[in-house]
Amino acid sequence: MYVDDWITGQDTREEALLISLHAENIMKEAGMEMRKWISNDTTLMSQWAAKGFDTYPVDTSVSLGSNKTKVLGLAWQTLDDCLTLDTKGLLEFISTNKNTKRFLLQAIGKIFDPLGLISPFTIRMKCLIQELWKNKITWDEELLPKIVERFIFNCKNPGNRKEGPLTSEEMMEAEYFLLKQEQLMSFHTEMTAMRNGDDICHKKSWKSSLSSLDSESWGFGAF
């Protein structure tokens, strides 16, 4: 469940139909109607329609920037069962060639990635922001040459752009990096506490900072 969207996946069509019927009944008992049911399986869509579900038409002409089928604000290509990110607006924005902390933050803010699917890219931008704060760069001050160089390489350089789905290795690399950064920050805090004679016996649970998707998603519903 994500805000007012319910997203799930099952191994078989039968299981998907069963859980969707169960969810529909639960929400009806609460006085809420689930709408815009959609799946990447046309047979399941037909079964839903036969049972009176409010199904959402699948856009078969999916393309970046024009796709009407979305999941959590991300374009969902039902045929290939993959999520895509529209970067047109971002690329137009950064083409203005401004190099300030304000501009860099605005560029990062234009990236909508609620599931963390492109963390291998966004984490680089966040590391740049971290460096700006460490160097006490003001909002409209020109960035240091080394920062500009990394920003251009990571975001503006066409030769550095990659197309296609992220590999599991790339996702794992980003996750390990985030955990390492968190551990380094916690280590500094705990060492400072030890020097001050404070208690550091508290335990901290580590959780993945990245979300994962099943390779096959049978159904999506919203109410």
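The protein is annotated in an unreviewed UniProt entry as Integrase catalytic domain-containing protein from Nephila pilipes.

K.L.:
Quick question: what am I supposed to make of the sheet that holds strand β4 (residues 74-77) here?
P.N.:
Two pairing modes exist for strands in a sheet, parallel and antiparallel, and in both the strands are linked by backbone hydrogen bonds. Reading across from one edge, β3-β4-β5 is the order of the three strands in this open sheet, with antiparallel pairing throughout. Since the sheet does not close on itself, it has two edges, and those belong to β3 (70-71) and β5 (82-84), each with one partner. As defined by bridge partners, β3 adjoins β4 across two bridges and the pair is classed as antiparallel. Within β4, the position partnered with Val71 by the bridge is Leu74.

K.L.:
What is the right way to look at the packing of helix α1 (residues 13-29) against helix α2 (residues 42-50) in this model?
P.N.:
A pair of packed helices is captured by two measures, namely the crossing angle of their axes and the spacing between those axes. Where α1 contacts α2, the two axes come as close as 10 Å, and the packing angle between them is 35 degrees. For the pair α1 and α2, the sense of crossing is right-handed. Seen from α1, the contacting residues are Arg13, Ala16, Leu17 and Ser20; seen from α2, they are Thr43, Leu44, Gln47 and Trp48. Grouping the amino acids of the contact of α1 with α2 by side-chain chemistry returns four nonpolar, three polar and one charged.

K.L.:
Looking at this structure, how should I read unusual backbone geometry?
P.N.:
Here the phi dihedral of Lys36 falls at roughly 55 degrees; this positive angle occurs in a residue that is not glycine. For Lys36, the location among the structural elements is in strand β2 (residues 35-38).

K.L.:
Looking at this model, I keep getting lost on helix α4 (residues 101-109). Mind explaining?
P.N.:
Residue pairs spaced three or four apart in an α-helix point in one direction, given the helix's 3.6 residues per turn. Residues of α4 that are buried: Lys101, Phe103, Leu104, Ala107 and Ile108. Looking down the long axis of α4, one finds its buried residues gathered within 160 degrees of arc, a one-sided arrangement.

K.L.:
Is there a simple way to think about the packing of α4 against helix α5 (residues 119-134) in this case?
P.N.:
Look at α4 against α5: their axes get within 11 Å of each other, and the N-to-C directions meet at 155 degrees. Taken together, the axes of α4 and α5 are roughly antiparallel relative to one another. With respect to the hand of their crossing, α4 and α5 are arranged in left-handed fashion. Counted together, Lys101, Leu104, Leu105 and Ile108 of α4 and Met125, Lys126, Leu128, Ile129, Leu132 and Trp133 of α5 form the full contact between these two elements. The class makeup of the residues in the contact of α4 with α5 is eight nonpolar, no polar and two charged.

Cut-offs applied
- Residues numbered from 1 in each chain as written.
- Predicted model: local features only at pLDDT ≥ 70, side-chain atom pairs only at ≥ 80, totals over all residues.
- Heavy atoms only, no water.
- Pairing = 2+ DSSP bridges.
- Helix = DSSP H or I, 4+ residues; strand = E, 2+ residues; numbered from the N terminus.
- Axes fitted to C-alpha atoms, helices over the stretch in contact; angles between N-to-C directions.
- Left-handed = near helix turned anticlockwise from the far one by under 90°.
- Contact = heavy atoms within 4.5 Å.
- Nonpolar A, V, L, I, M, F, W, Y, C, P; charged D, E, K, R; others polar.
- Buried < 20%, exposed > 50% of the residue type's maximum accessible area, 1.4 Å probe, protein only.
- Arc of directions from axis to C-beta.
- Parallel < 35°, antiparallel > 145°, perpendicular 65-115°, else oblique.

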